[in-house]
Amino acid sequence: MRGFNIKSAKNRFSVSNQFALLGQRRFAPFFSTQFLGALNDNIFRNGLVILITFQGVRIFGMDHTVLANIAAFLFILPFFLFSATAGQLADKYEKSMLMRRIKLLEIGLMALAAFALLSRQYPILLFVLFLMGCQSTLFGPVKYAYLPQKLHTDELIGGNALVESGTYVAIILGLIIGIETVDVDSDRQTVLAIALVLVACIGYMTSRQVPVTEAVDPGLKINWNACKETWRIVNFAREEKSVFLSILGISWFWFFGSAMTIQIPAYTADVLHGNETVVTTLFIAFAVGVGLGDMDVGQQRAIMQAFGVAAQGTVLSFSRAHETEADKIGLDLLVRACYDPREAPELWERMGKLNEGQSPPEWMSTHPASSTRVENFRQWMPDAIAQYESRCGPLK
């Protein structure tokens, strides 16, 4: 890379549109394949973590706080064990063939995961998670080696930017789909199982459109000693200080990010006492923050304003739901203490008149509007009166 002038490449590529690559066969099928792979990884991982956290699943006697960390460890472990070997395979063999075979492996793994989800064989899911880490380890070097062979020098920056931004979009969508397809009230996770197999099949179909990409070193003799090969690569990277420090920085970034995100479901359930909606909001905030870090200040400000409105709307809606639940509990306690439940809507009618013109619109508030509360109380009133009279006698 010593002869690669980043500044001149930026200047040349700025004349053209990097998004034009999405319409070209040398880039579009590859982009779609890696996008769907990242999407499925996140659907599976986050679906499993949500299932463990909010359905109270225990595996080998371990609760969700331990299992979430073990799940992350099992997915990351293959990257440490097999990355050096995967890199050699990417150099030795033709890359479109490798992509197709790796995607076929993904279909098999997702079929096994679907079986485990439908039959509630949760230990199998941990095994599949480890194998998915192996599959991602194999795909990583192929992905990074493909672009320099298919893109011109002045297209590499834009092409890499599209791949990275696409990966972050896939992460966000995977977080949402993985959480929303889990039915915590059901023993069978049919929707999640179908989503996993469907995305894997579509990914294989896109991989079949990836053009032939010749091996860069077909005569390479693979060193199957992963530890020795990894140490050789580390020493090779250390020869170029800037490269080695970049590797350390990227590795720390992903380690810290993974360690933090894996704690979010347990933190939401045990500390915030929230549900899957809160997990989704926190995950999206984290992923968007990562993506924003690679943009200039103007882009960051515009996106943060839009995201702030969306996030605020989600959180405020959740807060209003909690307040409504608290009103219902309060009415039940009122009846048990033999207080007249008919006073509750009258109280909020007076509160509404007192605060008329001073309260923010309901959609901008953490609390329901007084009129909404009055309507809720009136809907609950027949049951409240029946409970009062069975416990305390006829109302006057």
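The structure this text deals with has already been given above.
Residues numbered from 1 in each chain as written. Predicted model: local features only at pLDDT ≥ 70, side-chain atom pairs only at ≥ 80, totals over all residues. Heavy atoms only, no water.

What follows is about the overall build of the protein. Scanning the protein for helices and strands turns up 14 helices and zero strands. Helices and strands appear in the protein in the N-to-C order α-α-α-α-α-α-α-α-α-α-α-α-α-α. Within the protein, the fraction of its 396 residues that count as buried is 41%. Sequence-distant contacts, at least 24 apart, represent 81% of the contacts inside the protein between residues at least 6 apart. If you sum the accessible surface of the protein, you get close to 21800 Å²; carbon and sulfur atoms cover 62% of it. (Helix = DSSP H or I, 4+ residues; strand = E, 2+ residues; numbered from the N terminus. Buried < 20%, exposed > 50% of the residue type's maximum accessible area, 1.4 Å probe, protein only. Contact = heavy atoms within 4.5 Å. Areas by Shrake-Rupley, 256 points an atom, 1.4 Å probe, with all protein chains shown as cover.)

We now examine the side chain of Gln 88. Within the secondary structure layout, Gln 88 lies in helix 3 (residues 64-92). The class for Gln 88 is buried, based on a relative accessible area of 5%. Here Gln 88 is in contact with Leu 220, Lys 221, Ile 222, Asn 223 and Glu 229, once residues within four sequence places are set aside.

Core analysis: the largest hydrophobic core is formed by 43 residues, its most contacted members being Phe 44, Met 110, Leu 125 and Leu 196. Those elements giving two or more residues to this core turn out to be helix 2 (28-54), helix 3, helix 4 (95-119), helix 5 (122-150), helix 6 (156-180), helix 7 (190-207) and helix 11 (276-292). The biggest single contributor to this core is helix 2, with 10 residues. Non-local contacts of Leu 125, meaning those with residues more than four positions away in its chain, are made with Phe 44, Leu 48, Ala 113, Ala 116 and Leu 117. (Core = buried A, V, L, I, M, F, W, Y, C linked by side-chain atoms within 4.5 Å.)

Right, let's get into the state of the cysteines. A full pass over the atoms with the stated rule returns one disulfide. A sulfur-sulfur separation of 2.0 Å characterises the disulfide bridge that pairs Cys 338 with Cys 392. Between Cys 338 and Cys 392 the sulfur-sulfur dihedral comes to about -85°; the bridge is accordingly left-handed. Within this pair, whereas Cys 338 is found in the loop between helix 12 (297-336) and helix 13 (343-354), its partner Cys 392 is found in helix 14 (residues 370-392), the two being separated by 54 residues in sequence. What makes Cys 392 partly exposed here is its relative accessible area of 25%. (Disulfide = S-S within 2.5 Å.)

For the rest of this paragraph, the subject is unusual backbone geometry. Positive phi, close to 60°, is recorded for Arg 120, a residue that is not glycine. Summarising the element assignment, Arg 120 is placed in the loop between helix 4 and helix 5. Classification of Arg 120 by relative accessible area gives partly exposed; the value is 40%. One non-glycine residue, Cys 338, lies in positive phi territory at about 65°. The class for Cys 338 is partly exposed, based on a relative accessible area of 36%.

A cluster of nonpolar side chains, namely Trp 252, Phe 255, Phe 256, Met 260 and Phe 286, defines an oily patch on the protein surface of about 550 Å² accessible area. Broken down by element, the nonpolar patch gets its largest block of residues, four residues, from helix 9 (residues 241-261). One can find Phe 256 in helix 9. Under the relative-accessibility criterion, Phe 256 is labelled partly exposed at 43%. (Patch = residues over 30% accessible without salt bridge, like charges linked within 9 Å, V, L, I, M, F, W, Y side chains within 5 Å. Salt bridge = Lys/Arg side-chain N within 4 Å of Asp/Glu carboxyl O.)

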